[in-house]
Amino acid sequence: MAENIGSIEALLQEDRTFPPSEEFKKQANIKDPSVYEEARKDPEAFWERFAGELDWFKKWDTVLEWNPPFAKWFVGGQLNVSYNCIDRHLKSARKNKAAIIWEGEPGDWAVYTYRDLYREVCKFANGLKSLGVKKGDRVTIYLPMVPELPIAMLACARIGAVHSVIFGGFSADSIRDRIEDSQSKLMITADGGYRRGSVVPLKQNADESITGDTPVEQVVVVRRTGTADAQMVDGRDIWWHELVSDQPLNCDPEPMDSEDMLYMLYTSGTTGKPKGIVHTTGGYLTGTYATTKWIFDLKEDDVYWCTADIGWVTGHSYIVYGPLANGATTVMYEGSPDYPGRDRFWSIVEKYACTILYTAPTAIRTFMRWGEDLPESHDMSSLRLLGSVGEPINPEAWVWYWKNIGGGRCPVVDTWWQTETGSILIAPLPGITTLKPGSATQAFPGIDAEILDEAGNSVGPGGGGYLVIKKPWPSMLRNIYGDPERFQEQYWSKYENTYFTGDGAKLDEDSYFWLLGRVDDVINVAAHRVSTMEVESALVDNPKVAEAACIGRSDEIKGQAIVAFVTVKENINTSDALITELKQHVATKIGPICRPDDIHFAAELPKTRSGKIMRRLLRDVAEGRALGDTTTLADPAVVESLKEQYGDED
Ligand code: 7RM
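The text that follows walks through the structure, step by step, so that each part is easy to find. (Residues numbered from 1 in each chain as written. Predicted model: local features only at pLDDT ≥ 70, side-chain atom pairs only at ≥ 80, totals over all residues. Heavy atoms only, no water.)

**A few points about the environment of I432**
Item 1. Structurally, I432 can be placed in the loop between β20 (412-415) and β21 (449-452).
Item 2. Residue I432 is classed as buried on the basis of its relative accessible area, which comes to 18%.
Item 3. Along the backbone, I432 and H316 are 116 residues apart, and their C-alpha atoms lie at a distance of 27 Å.
Item 4. With residues up to four places along the chain from it excluded, the contact list for I432 reads P20, I30, K31, D32, P33, V35 and Y36. (Helix = DSSP H or I, 4+ residues; strand = E, 2+ residues; numbered from the N terminus. Buried < 20%, exposed > 50% of the residue type's maximum accessible area, 1.4 Å probe, protein only. Contact = heavy atoms within 4.5 Å.)

Here's what the structure looks like:
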């Protein structure tokens, strides 16, 4: 792979650098680069220090037991995640600090102090117990972004039940598969949630997912929209508010072994059934606690907003567990960024004086398309740090974010990680790292990340290949639920005792990591391996382009031809002339070999509900195939209309 990503040089010609400002550095938590060297010398001691900042009922005997591919961290230790996220903050002035600031899409809101959160979590934990939920039981949570979602997660953690959160946008079939796999006896849902002004009928989906043969015996229902009162099933369904109404206000936290399961979260592989990624207690909390504290430079008075949905891992680690373990104020928003107006995010930043904003490149590119006027019309001077996650961020979007959202004063931390890694593994430390737009920069201290070629040799500066992690880390996945063979095969079989991420990456001359996307997304053009990401980056470098997705379509002569799907900015006309211009733009920017063969204009690109472009479906469209699994698609209409437009062209 190394020699084949040669044209990535064009991307690396991105030479703007952003060292930390004196002002930021002065106040930064971490500004001494020796932390990297220290952690490299003794990673176990490095992680142990963070674990020691948590509250343990019983201290661990051994930091790490590593029997590849199975790791155990802080073995012999006992703790409770809910205790660490709530109770321990009640002993100080944090007691009355806002833990969760929540805003619903219709404009309703709620603030929970740590004391409030304690009470709500204890009541619901007692409610779960009264329904017979015990330590080790799996509980499926299918909720919109309402406060009951983190409360339910923390209540499970409090009593030692394992939560399996399913994104509120998933359909009945996807829920059914996940319930079947996890064998949950209890499901927590809501009558509905608000999205773009309408009600998402969650209860209806939930009901459909548990018809016939199902392990689910009981359903707890949050009353959010008032739209499912007639659908309550006698003897099976119970309202959340009735369940908690006379529960005791205290519930002792269950002492959990460090390696007891905290949760599972399904992630859809490229093929086959979704994998239940298993995370455990002590290591996961240590990893999310440490990375939140250092990468976001977290301070006591920060108002931290991660815009992800809790239904995917970013929400688990960086709305709920990481921020709350740190005693931070975490903001949660229920709905869509364009409701009622396209400035909803900026009005939330202004209203709550958010200091840290963590969002995804797909959102940033959408905001770019909507124009600078919207953020400009709000006072966002409270912001002091920005984050990005989920996909490679192209330099144009990075710089736009830095300038138009961060006002040129906020470092942008591009954070690379996965559901499987549990917490961020590659990202800057904002008080130390000189930023380069488009690069996630360097591995977090204590993380041994490398790029290997096909034969398993480390590529060194200037090389490209597969991103791997060579040493275990505390928040790593422990298994695929019920499928250790698949765990072994998927992540540990390509290289010995080395975690295979499935992402391609390139190392620049300063040993910075440049993530290139999934290795399955690499295109083979006339024996050259072209990363979809570099062609996309070249396309969005053209000021008329909003977003681009490239795929390889089979081609008799070249092996694969490059097909680009492009959305344009507001008020730009699509035309044959623009197609010619864009093809030329890519050829000039990264070389003629990367010139797209076809460019299709699209109103929207098909994306997962967490905002990742689904190139696999675009390949199906371009090659005129029936669409593969579409259950994770955010908006099925998008790909249907592409199919009509371009499906049978060639
Ligand atoms: C956190 C999350 C994981 C995949 C991962 C990458 C891609 C995520 C970045 C990124 C480039 C980033 N978990 N990815 N973050 N690529 N730069 N900063 O997204 O399990 O849903 O996805 O996402 O391909 O393997 S995830």
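**Comments concerning the pattern of salt bridges**
Item 1. As enumerated under the stated definition, the model contains 46 salt bridges in all.
Item 2. For the salt bridge of K470 with E450, the shortest nitrogen-to-oxygen distance reads 3.6 Å. One end of the pair, K470, is in the loop between β22 (464-469) and β23 (479-480); the other, E450, is in strand β21, and 20 residues separate them in sequence.
Item 3. When its relative accessible area of 21% is taken as the criterion, E450 is described as partly exposed.
Item 4. We note a salt bridge from D503 to R518, for which the minimum N-O separation is 2.8 Å. One end of the pair, D503, is in strand β24 (residues 499-507); the other, R518, is in strand β25 (residues 513-518), with 15 residues separating them in the sequence.
Item 5. The exposure class assigned to D503 is buried, which follows from its relative accessible area of 7%.
Item 6. Residue classification places R518 among the partly exposed positions, given a relative accessible area of 35%.
Item 7. The network of salt bridges with common partners includes K203, D207, R236 and D237. (Salt bridge = Lys/Arg side-chain N within 4 Å of Asp/Glu carboxyl O.)

**Observations concerning the sheet that holds β25**
Item 1. Sheet architecture is open: four strands sit in the order β21-β22-β24-β25, paired in antiparallel fashion. Two strands bound the open sheet, and with one partner strand each, they are β21 and β25. Neighbour-to-neighbour, the strand axes of the sheet open up by a mean angle of 45 degrees, direction not taken into account.
Item 2. Sheet analysis places β24 next to β25, joined by five bridges and oriented antiparallel. Across the sheet, D503 pairs through a bridge with R518, a residue of β25. (Pairing = 2+ DSSP bridges. Axes fitted to C-alpha atoms, helices over the stretch in contact; angles between N-to-C directions.)

**A short note on the nonpolar core**
Item 1. Counting 136 residues, the largest nonpolar core has F124, I141, I188 and Y321 as the members making the most contacts within it.
Item 2. The greatest single-element share of this core, amounting to nine residues, is contributed by helix α7 (residues 148-159).
Item 3. Contacts of Y321, omitting those with residues within four sequence positions, involve V81, C85, M153, L154, A157, H163, L262, Y263, Y284, L285, T288 and H316.
Item 4. Of all hydrophobic cores here, the second largest spans 38 residues; its members include V530, I579, L605 and I613. (Core = buried A, V, L, I, M, F, W, Y, C linked by side-chain atoms within 4.5 Å.)

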